[in-house]
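Summary of the model geometry
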Amino acid sequence: MTTDRDPATVPDPLLDPAAMRKQYGAGGLDEGDLAAHPMGQFAVWFEEAARAADKGLLYEPNAMLVATADAEGRPSSRTVLMKAYDDQGFVFYTNYDSRKGRDLSANPYVSLLFPWHPLARQVIVTGTARRTGRDETAAYFRTRPHGSQLGAWASAQSSVIFSRAELDASYAELSARYPEGEQVPVPPNWGGFRVAPQAVEFWQGRTNRLHDRLRYVAEPDGSWRVERLSP
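Residues numbered from 1 in each chain as written. Predicted model: local features only at pLDDT ≥ 70, side-chain atom pairs only at ≥ 80, totals over all residues. Heavy atoms only, no water.

**Brief notes about the pattern of salt bridges**
Short version of the rule: Salt bridges, as used here, are contacts in which a Lys or Arg side-chain nitrogen is within 4 Å of a carboxyl oxygen on Asp or Glu. The cut-offs for exposure are 20% and 50% of the maximum accessible area for each residue type, with area from a 1.4 Å probe on protein chains only; residues under the lower value are buried, those over the upper are exposed, and the others partly exposed. Each helix is a run of H or I in the DSSP string that is no shorter than four residues. Each strand is a run of E no shorter than two, and both are numbered from the N terminus.
Under the counting rule described, the total for this entry stands at 14 salt bridges. Here Glu-72 and Arg-74 are joined by a salt bridge, their closest N and O atoms 3.1 Å apart. Assessed through its relative accessible area of 58%, Glu-72 is described here as exposed. In this structure, the salt-bridge partner of Asp-212 is Arg-228, at a minimum N-O distance of 2.8 Å. Note that Asp-212 is positioned in strand 8 (residues 212-218) and Arg-228 in strand 9 (residues 224-229), a separation of 16 residues in sequence. With relative accessibility at 7%, the residue Asp-212 sits in the buried group. When salt bridges with common partners are traced through the structure, they connect Glu-31, Arg-206, Asp-212 and Arg-228 into a single cluster.

Quick look at the structure:
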């Protein structure tokens, strides 16, 4: 099929990125409203995101973008599900031989981003990652659905495979070895990372692109400094 229209000069209005705009009308974020600790403020926002998800307004509030860089500084990013958070940081699980696992072994600096678009909010974390203990990893692994436990064994995450059939065959073999109801051992190369935050930015969309950006920054004495960033 041919057309005389040049899409570069006559873009479909529906598909033109330059024409895509959303006016944010949510309430503001003031310094006086913040919790003393960034994880306390995160808990407040995460609860609101989870309640929005329960109403069907937001999908997977624990989904976060994890950005890493290898030893040469080459970046990569992917979406991962946060599985725990506390005053020590944010926890996610992965294959340690995956690209992000290899990156973090060589370079522990990491950035997390929670994209809560329907709430006109995002939380941006920068910090360092370290592996969780095997007991903590095993405790979480036992809570995963049986199929997900098998999947952790079946997939050599980030490695090149010949076909989908190869992956399915590996899963089928594991299903026969560990049928439903039988305990699946924790893979030795699978586990958690805990990201200890050094800075946490809370971004609230406002009208006319004059957003509120308040960032907690860790001080040497363990306290947190709050600074406002220009949008």
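**Some thoughts on the nonpolar core**
For soluble globular proteins, nonpolar side chains are generally found buried alongside one another. Under the convention used in this document: Residues belong to a common nonpolar core when they are buried Ala, Val, Leu, Ile, Met, Phe, Trp, Tyr or Cys residues joined through side-chain atoms within 4.5 Å. Only heavy atoms matter for contacts: two residues are in contact if any of them lie within 4.5 Å across the pair.
With 30 residues, the main nonpolar core has Phe-42, Trp-116 and Val-123 as its most contacted residues. Of all the elements in the fold, those that place two or more residues in this core are helix 1 (38-54), strand 1 (63-69), strand 4 (89-95), strand 5 (109-116), strand 6 (121-131), strand 7 (190-204) and strand 8. For this core, the element with the highest residue contribution is helix 1, accounting for six residues. In this structure, Phe-42 is in contact with Met-82, Tyr-85, Phe-90, Phe-114, Trp-116, Val-123 and Phe-202, ignoring residues within four places of it in sequence. Core analysis: the next-biggest nonpolar cluster, separate from the first, contains twelve residues, Tyr-140, Ala-152, Tyr-178 and Val-186 among them.

**As for the packing of aromatic side chains**
Selection rule: Two rings from Phe, Tyr or Trp (for Trp, the six-membered ring) form a pair when their centres are within 6.5 Å of each other. A pair whose planes differ by under 30 degrees is stacked, one over 60 is edge-to-face, and the rest are tilted. Counting as a charge over the ring demands two things of the Lys NZ or Arg CZ atom: a distance within 6 Å of the ring centre and an angle within 35 degrees of the ring normal.
Going through the model one piece at a time under the given rule, you end up with 17 aromatic pairs. Ring geometry for Phe-46 and Tyr-85: centres 5.5 Å apart, planes at 70 degrees, overall edge-to-face. With Phe-46 in helix 1 and Tyr-85 in strand 3 (residues 84-86), the pair connects residues that are 39 residues apart, well separated along the chain. For Tyr-85, a relative accessible area of 32% puts it in the partly exposed group. Centroid distance Phe-90 to Phe-114: 5.8 Å. Interplanar angle 45 degrees. Geometry classified as tilted. One end of the pair, Phe-90, is in strand 4; the other, Phe-114, is in strand 5, and 24 residues separate them in sequence. Both residues of the pair, Phe-90 and Phe-114, count as buried. An aromatic cluster of at least three residues, connected via ring pairs, comprises Phe-42, Phe-46, Tyr-85, Phe-90, Phe-114 and Trp-116. Here the guanidinium or amino end of Arg-121 rests over the ring plane of Trp-45, the centre of that ring lying 4.1 Å away. A cation over an aromatic ring shows up here: Arg-131 above the ring of Tyr-96, its NZ or CZ 3.7 Å from the ring centre.

**Some remarks on the pairing of strand 8**
Within a regular beta strand, the side chains point alternately toward one face of the sheet and then the other, so they alternate between its two faces. We apply this condition: At least two bridges found by DSSP between two strands are what make those strands a pair.
Where strand 7 and strand 8 come together, six bridges link them in antiparallel fashion. Counted as the bridge partner of Trp-203 is Arg-213 from strand 8. Direction of pairing for strand 8 relative to strand 9: antiparallel, over a ladder of six bridges. Pairing of Leu-214 across the sheet is with Arg-228, part of strand 9. Counted between consecutive antiparallel strands, the loop separating strand 8 from strand 9 contains five residues, among which Gly-222 sits at a positive phi close to 95 degrees.

**What about the packing of helix 4 (residues 146-154) against helix 5 (residues 164-177)?**
Quick reminder of the rule: Geometry is summarised by axes, namely lines fitted to C-alpha atoms with helices restricted to the contacting stretch, and by angles between N-to-C directions that run from 0 to 180 degrees. Should an angle fall under 35 degrees it is taken as roughly parallel, and over 145 as roughly antiparallel, whereas 65 to 115 is taken as roughly perpendicular and any remaining angle as oblique. Note: crossing handedness is left-handed where the near helix turns anticlockwise from the far helix by less than a right angle, and right-handed where it turns clockwise. Here the nonpolar group is Ala, Val, Leu, Ile, Met, Phe, Trp, Tyr, Cys and Pro; Asp, Glu, Lys and Arg are the charged ones; every other residue, Gly included, is treated as polar.
Interaxial distance between helix 4 and helix 5 falls to 9 Å at its minimum, and their mutual angle equals 125 degrees. The angle between helix 4 and helix 5 falls in the class oblique. Our pair here, helix 4 against helix 5, has a crossing hand that is right-handed. For the pair helix 4 and helix 5, the contacting residues are Gly-147, Leu-150, Gly-151, Trp-153 and Ala-154 in the first and Leu-167, Ser-170, Tyr-171, Leu-174 and Ser-175 in the second. The class makeup of the residues in the contact of helix 4 with helix 5 is six nonpolar, four polar and no charged.

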